[in-house]
Amino acid sequence: MGGLSSEREVSLASGKAIQKALLEKGYHAVSIDVGKDVAEKIHDSRIEAAFIALHGKYGEDGAIQGVLEVMGIPYTGSGILASALGMNKTVSKLIFRSQGLIVGPYDVIYEGKRDRVSGVLDQISFPAVIKPHAEGSSVGVSLILKKEDVEPAVELAFEYGSEILIEKFIQGKEVQVGILGDRALGAIEIVSKRAFYDYTAKYEKGMSDHFFPARISDAVYKRTLEAGLVAHQAIGCRGYSRVDFIIDESDTAYILEVNTLPGMTATSLLPEIAKGVGIPFPDLVEEILRLALGC
Ligand SMILES: Nc1ncnc2c1ncn2[C@@H]1O[C@H](COP(=O)(O)OP(=O)(O)O)[C@@H](O)[C@H]1O
Ligand SMILES: [Mg+2]
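Throughout this description, residue numbers start from 1 for each chain and increase along the sequence as written. Chains and ligands are labelled by the order in which they are written, letters from A for the one and numbers from 1 for the other. Whole-chain, interface and lining totals are the exception, using all residues; otherwise, since this is a predicted model, local features are given only for residues with pLDDT of at least 70 and side-chain atom pairs are given and counted only at 80 or more. Each side-chain value is derived from all of the structure's non-hydrogen atoms; neither hydrogens nor water enter the calculation.

1. Examining the overall build of the chain
The number of helices and strands found in the chain is 11 helices and nine strands. Atoms considered for the radius of gyration are the C-alpha atoms alone. The globule rule reads 2.2 Å times the number of residues to the power 0.38. A globule of 295 residues ought to have a C-alpha radius of gyration of about 19 Å, and the chain, at 19 Å, matches this closely. Over its C-alpha atoms, taken along the principal directions, the chain stretches across nearly 55 × 45 × 35 Å. Between buried and exposed lies partly exposed: a residue is buried under 20% and exposed over 50% of the maximum accessible area for its type, with that area taken using a 1.4 Å probe on protein chains only. Among the 295 residues that make up the chain, the fraction classed as buried is 55%. We call two residues in contact whenever any of their non-hydrogen atoms come within 4.5 Å of each other. Intrachain contacts of the chain at a sequence separation of at least 6 include 62% that bridge at least 24 residues. Here a strand is any run of E in DSSP of at least two residues, a helix any run of H or I of at least four, and the numbering for each starts at the N terminus.

2. Description of the site of ligand 1
The local shell around ligand 1 holds 20 residues, among which Lys-89, Lys-131, Ser-138, Ile-170 and Glu-174 are the closest. Between ligand 1 and Ser-137 there is a distance of 3.4 Å, counted from an oxygen atom to a backbone nitrogen or oxygen. As used in this structure description, the phrase polar contact means that two N or O atoms lie within 3.5 Å; if the pair is within protein, one of them must be able to donate a hydrogen and the other to accept it, and residues adjacent in sequence are counted only when both atoms belong to side chains. Here Glu-174 contributes a side-chain N or O atom positioned 2.4 Å from an oxygen atom of ligand 1. Isolated, ligand 1 exposes 540 Å² of accessible area, and the fraction of that covered by the protein chains is 98%. Amino acids outside the nonpolar list (Ala, Val, Leu, Ile, Met, Phe, Trp, Tyr, Cys, Pro) and the charged list (Asp, Glu, Lys, Arg) are all regarded as polar, and Gly is one of them. Per-class residue counts for the shell around ligand 1 are eight nonpolar, three polar and nine charged. One heavy atom within 4 Å of a molecule or strand makes the whole residue count as near it. For the area figures, the Shrake-Rupley method with a 1.4 Å probe applies, and any residue is considered shielded solely by the protein chains shown.

The following block contains the structure:
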């Protein structure tokens, strides 16, 4: 838990909740705050398996998974490649498309090609979303309503890497699908009190409302669960994930991303979905661990 990414605080919260659940279930669970000396710490702790509670860079992108592979320690969730693909919004969109999932209009701007931004926005038109290609928790994501919003949003997004995405803002219901094992558990709907589901809406109490199950027709619900599972499998995820969609007024479900290491506090979205289908948080945690150990 913890780690070196912009999502460190969230990760500490996930990690503490997971450790508490594991202790409750009778496991001997120690926490490791991940820094550059992580290999040494893992070695010294003599763990038999790792429950990864990291989010973002080095934790969700295949890096820590690589360390654990080298050390021969089984770990929860997706492997190196799926983690790397899931973290990279540019590459994952190509894979989603190849599997027939619906991706909204978007373009990629590379550092050094910033002069393309206004041309791309002419095509996509306002409102638009500008985001880094490999962050999470809405870090660096901006909603663009007018010309004056563009420059600061581009600056901000480039702070997180050498390529950024410009997407059409999809107006609709934000719906997220929880996957456990090879099953789509359910879909939860988020209504943000902010302009979009930004960092504040995600983590400040009372800044968003959750509805489980999502308030969509049975047919759309079923289709969205299927699309979630297709996305999970297309990226090659293992164990669990959470897949984000926006469903517009014509019931088209646009995929935003697959989160290979979704938030795991007792009140995070995947745990809320699991609870909604009768899986309490400690059971969810144990199941994720079992899936990693193949037992
Ligand atoms: N194309 C889009 N249309 C509408 N809302 C979007 C779009 N892209 C992002 N958002 C909003 O921004 C939030 C974060 O974007 P997302 O791509 O999921 O990045 P992150 O990895 O930071 O969660 C989403 O949950 C949604 O509220
Ligand atoms: Mg997201």
